[in-house]
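# Structural overview
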Amino acid sequence: MTATAEPELAEHFEATLRRNDRIEPRDWMPEAYRATLVRQIAQHAHSEVIGMQPEGNWVTRAPSLRRKAVLLAKVQDEAGHGLYLYSACETLGTSRRELTEKLISGRQKYSSIFNYPTLSYADVGTIGWLVDGAAICNQVPLCRTSFGPYGRAMIRICKEESFHQRQGYELLMTMMRGTDEQRAMVQESVDRFWWPALMMFGPPDADSPNTERSMAWGIKRNTNDELRQKFVDMTVPQARALGVTLPDPELRWDEQRQAHHFGQPDWAEFKQVVSGNGPCNAQRVAHRKRAHDEGAWVREAATAFAAKQAAAAEETGDRR
Ligand code: FAQ
């Protein structure tokens, strides 16, 4: 059998992308495509796992049993999303252990949004509404991403994120129907989360080094600015229905573009946060490292149990 030459494999890869078919783990792929996917999927997985912390902060202080049960379920869903995504990375030859080590040693990123503190219970609702809302805008197109395991994981994740978004909106709506103090809590929370939510989509297209190539490979289906615009257009009527003001004096409907005009987030702050200098970066990573260290005995026990079972199965097989 003769080995297929690389130009032929590359042509097969390109033809698959042109047909809008999926690339699967055993298919040949350029190393840079593989590396880009591992970078993006790992960053996404880390975001889901670190993203459990800000809301987890309110589990013990949720105001009712119902709210506590909903919040616990939501936080657990995020852990599940992390696992689907780490598994997608494993199909590319990178283990979850390796990725976790990179996260806790600060060599891999996670979403900037989770470096902001959750100061009031209203933040649970705002995260559901704005953060999960932004996540859905960004992730629905990723269901059509060119790498099969990533796209399939995203389909399931998006279904759950859309439930999360609704629970956040319902929580805020309940608070807005409450007392003046509750309404003020919601507004204060929205004021803090609006700009960081816009930053979740990444730098403006002109400053995004990865977008062009990721779009050509069908990993990303839209640019950062396109998705940010979509999010603003989707959120403005929701804010109106809720009765909150979005803290952007430039925000207005642009009749000509049939889209909202909006101001720019503080990109210098974004750079600080993604370089590890956000308000909670050190705390988030230290917490993740502590949980990882404290779980070492569980991993060791599971490995020893699996080895014992394999040895027992081998022995039974030998006797047959
Ligand atoms: N935060 O060239 P680009 C969630 C980095 S999940 C931190 O534009 P790209 C669910 C970027 O990695 C939220 N870093 O990069 C939930 C790159 O760095 P590098 C996470 C950021 O990849 C809800 C550099 O800047 N979602 O919220 C950020 O083409 C509630 C240059 O940027 C995903 O990960 C940022 N915001 O586009 C959980 C979705 N933006 O590695 C709990 C998948 C950019 O070159 C509670 N990811 N960077 O040094 C994506 O769609 C893309 O990776 C983008 C960035 C759009 C985030």
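Residues numbered from 1 in each chain as written. Predicted model: local features only at pLDDT ≥ 70, side-chain atom pairs only at ≥ 80, totals over all residues. Heavy atoms only, no water.

Per an unreviewed UniProt entry, the protein goes by 1,2-phenylacetyl-CoA epoxidase subunit A and derives from Actinokineospora bangkokensis.

This part covers the pattern of salt bridges. Summed over the entire model, instances satisfying the criterion amount to 17 salt bridges. Among the ionic pairs, arginine 34 bridges to glutamate 31, the shortest N-O distance being 3.5 Å. Of this pair, arginine 34 and glutamate 31 both sit in helix α2 (residues 31-50), 3 residues apart, roughly one helical turn. Between aspartate 180 and arginine 183 there is a salt bridge, with the nearest N and O atoms lying 2.7 Å from each other. Here arginine 183 and aspartate 180 lie together in helix α8 (residues 180-199), a separation of 3 residues that amounts to about one turn. Arginine 183 gets classed as partly exposed once you look at its relative accessible area, which sits at 28%. (Salt bridge = Lys/Arg side-chain N within 4 Å of Asp/Glu carboxyl O. Helix = DSSP H or I, 4+ residues; strand = E, 2+ residues; numbered from the N terminus. Buried < 20%, exposed > 50% of the residue type's maximum accessible area, 1.4 Å probe, protein only.)

The residue threonine 118 is located in the loop between α5 (96-104) and α6 (122-139) in this model. A polar contact of 2.8 Å, which involves the side chain of threonine 118, links it to the backbone oxygen of proline 54. Setting aside chain neighbours within four positions, we find threonine 118 in contact with Pro54, Asn57, Trp58, Asp123, Ile127 and Phe193. (Polar contact = N/O pair within 3.5 Å; in protein donor to acceptor, adjacent residues only side chain to side chain. Contact = heavy atoms within 4.5 Å.)

A separate point is α6. Here α6 contains 18 residues, and its C-alpha end-to-end distance of 24 Å stays within 8% of the 26 Å for a straight helix at 1.5 Å per residue. Along α6, 17 of the 18 residues are buried, which leaves the element largely enclosed by surrounding structure. (Expected span 1.5 Å × (residues − 1).)

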